[in-house]
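# Understanding the architecture of this molecule
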Amino acid sequence: MSPSDLVASHTISVLVDNEPGILARVVGLFSGRGYNIESLTVAETDAKENLSRITIVTKGTPMIIEQIKAQLDRLVPVHRVRDLTVEGPHIERELALVKVRGTGDKRVEALRLADVFRAKVIDAKTDSFVFEVTGNSDKVQTFVGLMEGLGLVDVGRTGIVAMSRGGEAL
Amino acid sequence: MKPEEPATTGADLLVKALIDEEVEVVFGYPGGAVLPIYDSLFKQNRLPPFLLHHEQAAVHAAEGYARSTGKVGVVLVTSGPGATNAVTGLTDALMDSIPVVCLTGQVPTHLIGNDAFQEADTTGITRPCTKHNYLVKAVSALARTVHEAFYVARSGRPGPVVIDLPKDVLMNKYDYVAPDKPVQHKSYRPQVKPELARIEQAIELIAGAKKPVFYTGGGVVNSGPKASKLLAQFVHLTGYPITNTLMGLGTFPASDKQFLGMLGMHGTYEANLAMYHCDVLINIGARFDDRITGKLTEFSPHSKKIHIDIDPSSINKNVRVDLPIVGDAGHALQELIRVWKARQPRTDLKALKAWWVEIDGWRGRNCLAYKQDNETIKPQYALERLYHHIKDRDHYITTEVGQHQMWAAQFLKFEQPNRWMTSGGLGTMGYGLPAAMGVQIAHPEALVIDVAGEASIMMNIQELSTVAQYRLPVKIFILNNQYMGMVRQWQELLHGGRYSESYMESLPDFVKLAEAFGAVGLRCHEPAKLDETIKEMIGVNRPVVVDVLVDKTENCFPMIPSGAAHNDMLLGPDDKAAKPTSEEGMVLV
């Protein structure tokens, strides 16, 4: 396999006008052209300039990733497209809410593991907890995996938000 | 005293904004949601509405207008079915990069989402088939949106833009203030000027070539007529061969000896072999479409590739290139010429001479040859005779889609850009007649001919009524073989001659049909009478339908079979493919 066939995950930040339909435009581009979305987050980040930031994790060969970026960039309301994976070091974070039901040893174990993962208890009943855990996706996934054996009943994940290291803006 | 009410409604304001954008004609079809706009159009006389008989045709007419003038074509349709009918035309304009602004009516804002009568989610439906679209929710945003839409439609790689207009927005009142400077989008600024360093690198590659070829496309047309002049200048400076894509025909004079004809699936033998054997490929404003490349892994395998395109997403999409240059074709050519002249590079004349000898050898195969007898008109012959009679007149050609389209591209010669309107990317049957009307509106004195097939013409035949209504002297030249010819050809070559549903069992009598619509109908089936018929067609200053009965089973050659490479062409009926079409090839369309 040559490097040009190598499929890799890329985290892409996109700065867009916060206008109706922009998310549909971006998502439609991915589905229409057959690209993958592994994770997608979006929220307004600059109310004054009316801008939103979309973070997309996608997968493809270098040629496909280059296409995805070019296709995103030519959408009229897109201001900037940055591939954080190739443009120097960056940090990624995800937040998950994890609901675990159980009593006795399992409940104690869940609480102990939550402590290890620095997850916060944000709701508690006598037979359940809701934990809030943040970190990179691996950490979140590992925590969720551990909870499976301890009465996991519900998971909500935000998907990845990411940012380059250092002082530069997007 | 009460503050003065704004004088204008949204609809009046819209018409003013269109006039400020120098719109000359609006192609459309009325309906409930756009009645206020039609009322505003009725009350003024600077901007005439042009009524077609189907919204798809309205978009194609606007495309024909846009492509023959370089201006933005404007469409006006109603909500719901009006908008959905326009979708084919919008997709066509998107694929071929044609600047169109399409105004769609919409139910009033308070009814949006209620499944109201003639409601459709127009911005949702048209999002993937437009360059951009807008839903105007307040009359205060209307004028700016209109001006911005024109900017987006014509900037960078042009394309269709939809503005969805709820009826209450059209009825509400607001003052129109003309913009004091051209309106732009707040952030959309496509790069038009190429990087100088890359132009210099390109000159080095081009000057050092031993077997170069220029391959140019619709991007040169879209850049404006000056780009074609610059292209000819640069190609002459270098002395290199050039081929055009279907969309690029006319960007270089077809009669020039450096011109190899069109390339691609039905391109000439010399053009395709030059692509295969070249060592430097200079792509200006073309997009390595699958109809051009054939089998990707064997596409131009020995060449260094330069690709100049205004759309960065066209670069490295299908074919990896060695030197990408983002910019407008005209700007890039201007720079290329400047640097070439400044450097006066010495090209390898000996190698180039040998290259031309090789090319002339391929030319010698005379790949467009056909055999005309005294009995049946060959479609190629019909087009050769047509060209003979129109070449000295100011003429424009549109086509439908299929065999006749490819033959027209092969046998009609284009000396200038903006003279050839055909549906390239989407391949829309029914394109030619409405496009011809748009062209005729823009060029009332010119000879406008729709080269058609009998199957395609049926797809927008209702437009004969429009032609009659406006007394447009459009000529419809039907090459009637009673088959969907290209479908039949593929069935013969790929599906064992099983002609499933490709025979036109119940065609109308086109002569009577023409007369029924108030046009002139002519028919010809003898080769000896063809010239006379064509002369009669040209001589009548009225719409004419010519039913030319041609050989039913003639195939369009040369042909690169699906999934094959450029050096694996079929030259004629006696030529068998080197290998049967691969499974991979069978899957391709």
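These numbers were taken from a predicted model, which means no experiment stands behind them.

About the thresholds
- Residues numbered from 1 in each chain as written.
- Chains lettered and ligands numbered in written order.
- Predicted model: local features only at pLDDT ≥ 70, side-chain atom pairs only at ≥ 80, totals over all residues.
- Axes fitted to C-alpha atoms, helices over the stretch in contact; angles between N-to-C directions.
- Helix = DSSP H or I, 4+ residues; strand = E, 2+ residues; numbered from the N terminus.
- Parallel < 35°, antiparallel > 145°, perpendicular 65-115°, else oblique.
- Left-handed = near helix turned anticlockwise from the far one by under 90°.
- Contact = placed C-beta atoms within 7 Å.
- Nonpolar A, V, L, I, M, F, W, Y, C, P; charged D, E, K, R; others polar.
- Core = buried A, V, L, I, M, F, W, Y, C linked by C-beta atoms within 7 Å.
- Buried ≥ 20, exposed ≤ 12 C-beta atoms within 10 Å, placed from the backbone.
- Pairing = 2+ DSSP bridges.
- Domains from an automatic or database assignment.

### Quick notes on the packing of helix H3 (residues 55-69) of chain B against helix H17 (residues 432-442) of chain B
When two helices pack together, their arrangement is given by the angle between the helix axes and the distance between those axes. All names here are of chain B. Closest axis-to-axis distance for the H3/H17 pair is 6 Å, and the angle between their directions is 45°. In terms of orientation, H3 lies oblique with respect to H17. Classified by chirality, the crossing of H17 by H3 is right-handed. Where H3 approaches H17, its residues Ala57, His60, Ala61, Ala62, Glu63, Gly64, Tyr65, Ser68 and Thr69 are matched on the opposing element by Pro434, Ala435, Ala436, Met437, Gly438, Val439, Ile441 and Ala442. Tallied by class, the residues present in the contact of H3 with H17 amount to 11 nonpolar, 5 polar and 1 charged.

### Side note on the nonpolar core
In terms of nonpolar packing, the biggest core is built from 196 residues, with Ala58, Val75, Val100 and Val101 of chain B touching the most fellow members. If we ignore the near neighbours within four places in the chain, the residues touching valine 101 of chain B are Val72, Val74, Ala149, Phe150, Ala153, Val161 and Ile163 of chain B. Counting 13 residues, the second largest nonpolar core, distinct from the first, contains Ala96, Val98, Ala110 and Leu150 of chain A.

### Notes on the sheet that holds strand E15 (residues 447-453) of chain B
Residue and element names in this part refer to chain B. Read from one edge to the other, the open sheet built from 6 strands follows the order E14-E13-E15-E16-E18-E17, with strand pairing classed as parallel. Every interior strand has two partners, whereas the edge strands, strand E14 (420-421) and strand E17 (520-524), have only one. Here strand E13 (residues 395-399) runs beside E14; their pairing, made up of 2 bridges, is parallel. Across the sheet, threonine 398 pairs through a bridge with methionine 421, a residue of E14. Sheet contacts for helix H15 (residues 379-390): E13, E15, strand E16 (475-480) and strand E18 (544-549); angle to E16, the most-contacted strand, approximately 160°.

### With respect to unusual backbone geometry
All names here are of chain B. Here the amide bond leading from phenylalanine 557 into proline 558 is cis, since omega sits at -5°, within 30 degrees of zero. Inspection of the secondary structure puts proline 558 in the loop between E18 and helix H23 (583-587). You will see that glutamine 118, though not glycine, has its phi angle at about 55°, which is positive. Its location among the elements puts glutamine 118 in the loop between strand E4 (100-106) and helix H5 (122-126). A positive phi angle is found at glutamate 501, which is not glycine, with a value near 65°. Here glutamate 501 lies in the loop between helix H20 (485-494) and helix H21 (510-516). Classification of glutamate 501 as exposed rests on a count of 9 C-beta atoms within 10 Å.

### Regarding the domain arrangement of chain A
Often, the extent of an interface is quoted as the loss of accessible area upon association of its parts. Residue and element names in this part refer to chain A. On domain assignment, one finds that chain A holds domain 1 (3-83) and domain 2 (91-163). A C-alpha centroid distance of 29 Å is found between domain 1 and domain 2. Between domain 1 and domain 2, the contact holds 7 residues from the first and 6 residues from the second. Those elements that place two or more of their residues in the side of domain 1 that touches domain 2 are strand E1 (8-17), strand E2 (39-46) and strand E3 (51-60). At 3 residues, the largest contribution of residues to the side of domain 1 that touches domain 2 is made by E2. Its residues assigned to classes, the side of domain 1 that touches domain 2 shows 2 nonpolar, 5 polar and no charged.

### Comments concerning the interface of chain B and chain A
Listed as interface residues are 17 residues of chain B and, on the opposing side, 15 residues of chain A. Of all elements in the fold, only H5 and strand E5 (132-135) of chain B reach the threshold of two or more residues within the side of chain B that touches chain A.

### Section: the sheet that holds strand E7 (residues 212-216) of chain B
Residue and element names in this part refer to chain B. With respect to topology, 6 strands assemble into an open sheet ordered E9-E8-E7-E10-E11-E12, the strand pairing being parallel. Pairing within the sheet leaves two strands with one partner each, and these edge strands are strand E9 (259-262) and strand E12 (323-326). Within the sheet, the average angular offset between the axes of one strand and its neighbour, ignoring direction, is 15°. Two strands pair when backbone bridges link them, and E7 and strand E10 (residues 280-284) are joined in this way by 5 bridges, in the parallel orientation.

### Some details on the environment of aspartate 551 of chain B
All names here are of chain B. Within the fold, aspartate 551 resides in the loop between E18 and H23. According to the C-beta neighbour criterion, aspartate 551 is buried, with 20 such atoms within 10 Å. Separated by 368 residues in sequence, aspartate 551 and valine 183 place their C-alpha atoms 54 Å apart. With residues near it in sequence (within four places) discarded, aspartate 551 still touches Thr376, Ile377, Lys378, Pro379 and Asn481.

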